[in-house]
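# A structural walkthrough
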Amino acid sequence: MTDAAALPGQPRGAVVSGPATERAVNVLAPNPSAMTLDGTNTWILSEPDSPLAVVVDPGPLDETHLRWVVDTAERLGKRVALTLLTHGHPDHAEGAGRFAELTGTPVRALDPALRLGDEGLAAGKAVEVGGLELRVVPTPGHTADSLSFHLPADGAVLTGDTILGRGTTMVAHPDGRLGDYLDSLRRLRSLTVDDGVHTVLPGHGPVLEDAQGAVEYYLAHRATRLAQVETAVENGYRTAAEVVAHVYADVDRSLWPAAELSVRAQLEYLTEHGLI
Ligand SMILES: [Zn+2]
């Protein structure tokens, strides 16, 4: 599959990109916004010779999208055998229950409340379906329940909202914590340095072919923002809203509510570390 537009029966608005890696195909959900970029990336993963596929993040509760994911897997000669969630935000997880009905699959996630079936996901453990191996990498920070999935055979990592294909993500205070997030970025950096990961398959936005560069950029960005917030507080900006208006003046106002959560996470971090 190389060109989504060439596929007969494709619902209006649905986008399937060509294989991002040998084992990964993205079906783009029709929920674009300032927060979700082009929409949620729903990933279909499978060994080339296997009839079984894993779907990561079915996306929003959108019947047309969910059915198109099933159809796309079938067109690839696959049957969906398992559904995984990177985290519980509705743009990734809201459709999971319906998708599980359509496919008859269990849903596995870190948060027990999101699971369907008996099995969860544990840090460091591997998930294996039809010869495809995914390693579970805990990456809390965007949310407490955020996971990434390392796909060693393709030198890739699925990052959910921990790293996006464009821009940077939010730390969703109070569930998300900045200290956790920085640790998670360092964990992802070690995958790129020690484990041969070169490609990021994000939850939103385009595939990133320079995974290490992306992680370094995220770490540098967080350090810059943290320093800006610290300076703003020193200069008398007290509330999170005041800090946002000062530090995030260059950011589209539609993103300020998200920025305020990130600022709250940063203020908490600075306070805990005795920096303000
Ligand atoms: Zn999210």
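The structure this text deals with has already been given above.
Presented here is an overview of the structure given in this document. These figures come from a predicted structure and were not determined experimentally. (Residues numbered from 1 in each chain as written. Predicted model: local features only at pLDDT ≥ 70, side-chain atom pairs only at ≥ 80, totals over all residues. Heavy atoms only, no water.)

### A closer look at helix H1 (residues 63–75)
In this model H1 runs 18 Å from its N-terminal to its C-terminal C-alpha over 13 residues, within 8% of the 18 Å that 1.5 Å per residue would give. Within H1, the full set of buried residues consists of His65, Leu66, Trp68, Val69, Val70, Thr72 and Ala73. A distance of 3.2 Å separates the backbone nitrogen of Thr64 from a side-chain oxygen at the start of H1, and that oxygen is part of Asp62. In the stretch just after H1, Gly77 is the one whose phi turns positive, near 80°. (Helix = DSSP H or I, 4+ residues; strand = E, 2+ residues; numbered from the N terminus. Expected span 1.5 Å × (residues − 1). Buried < 20%, exposed > 50% of the residue type's maximum accessible area, 1.4 Å probe, protein only. Polar contact = N/O pair within 3.5 Å; in protein donor to acceptor, adjacent residues only side chain to side chain.)

### A word on the environment of Arg253
Turning to its location among the elements, Arg253 is positioned in the loop between helix H6 (240–247) and helix H7 (256–272). Arg253 sits in the exposed class, given a relative accessible area of 63%. Along the sequence, Arg253 and Gln212 sit 41 residues apart, while their C-alpha atoms lie 30 Å from each other.

### Section: the side chain of Thr36
Along the chain, the position of Thr36 falls in the loop between strand E2 (24–28) and strand E3 (41–45). Residue Thr36 is classed as buried on the basis of its relative accessible area, which comes to 7%. Ignoring any residue separated from it by four or fewer positions in sequence, one finds Thr36 in contact with Asn31, Asp91 and His204. (Contact = heavy atoms within 4.5 Å.)

### Notes on the pairing of strand E9 (residues 147–151)
Most of E9 sits out of view: five of its five residues are buried. Of the two faces of E9, the one holding Leu147, Phe149 and Leu151 and the one holding Ser148 and His150 are both buried throughout. The pairing of strand E8 (residues 132–138) with E9 spans four bridges and is antiparallel. Each bridged residue has a counterpart across the sheet, and for Val137 the counterpart in E9 is Ser148. (Pairing = 2+ DSSP bridges.)

### A short note on the packing of aromatic side chains
Tallied over the full model, the rule gives one aromatic pair. On the basis of an interplanar angle of 80° and a centroid distance of 6.1 Å, the ring pair of Tyr217 and Tyr218 is categorised as edge-to-face. Classification of Tyr218 by relative accessible area gives buried; the value is 2%. For the cation-ring pair, Arg225 lies above Tyr248, with the distance from its terminal atom to the ring centre recorded as 4.2 Å. (Phe/Tyr/Trp six-rings, centres within 6.5 Å; stacked < 30°, edge-to-face > 60°. Lys NZ or Arg CZ within 6 Å of the ring centre and 35° of its normal.)

### What to know about unusual backbone geometry
Cis geometry marks the peptide bond from His173 to Pro174, where omega comes out at 5°. One can find Pro174 in the loop between strand E10 (156–160) and helix H4 (178–194). In the Ramachandran plot, Leu37 falls in the positive-phi region, its phi being about 55° despite a non-glycine side chain. By secondary structure assignment, the location of Leu37 is in the loop between E2 and E3.

### Points about the pairing of E2
The element E2 is largely enclosed, with a buried count of five among its five residues. Burial of the side chains of E2 extends over both faces: Ala24, Asn26 and Leu28 are buried on one face and Val25 and Val27 on the other.

### Details of the packing of H4 against H7
Between H4 and H7, the least distance of the axes is 8 Å, while the angle of their chain directions is 95°. In terms of axis orientation, H4 runs roughly perpendicular to H7. Facing Leu178, Gly179 and Leu182 of H4, the residues of H7 in contact are Ala265, Gln266 and Tyr269. Classifying every residue of the contact of H4 with H7 by side-chain character gives four nonpolar, two polar and no charged. (Axes fitted to C-alpha atoms, helices over the stretch in contact; angles between N-to-C directions. Parallel < 35°, antiparallel > 145°, perpendicular 65-115°, else oblique. Nonpolar A, V, L, I, M, F, W, Y, C, P; charged D, E, K, R; others polar.)

### Things to note about the pattern of salt bridges
Applying the stated criterion across every chain yields a total of 15 salt bridges. Across the salt bridge formed by Arg135 and Glu133, the nearest N and O atoms sit 3.1 Å from each other. Its relative accessible area of 34% is what places Arg135 among the partly exposed residues. In this structure Glu133 comes out as partly exposed when scored by relative accessible area, which is 31%. Here Arg177 and Glu272 are joined by a salt bridge, their closest N and O atoms 3.0 Å apart. Here Arg177, found in the loop between E10 and H4, pairs with Glu272, found in helix H7; they are 95 residues apart in sequence, far enough to count as distant. Exposure remark for Glu272: the relative accessible area of 48% places this residue in the partly exposed category. Linked through salt bridges whose partners overlap, the residues forming this network are Glu22, Arg23, Glu47 and Asp154. (Salt bridge = Lys/Arg side-chain N within 4 Å of Asp/Glu carboxyl O.)

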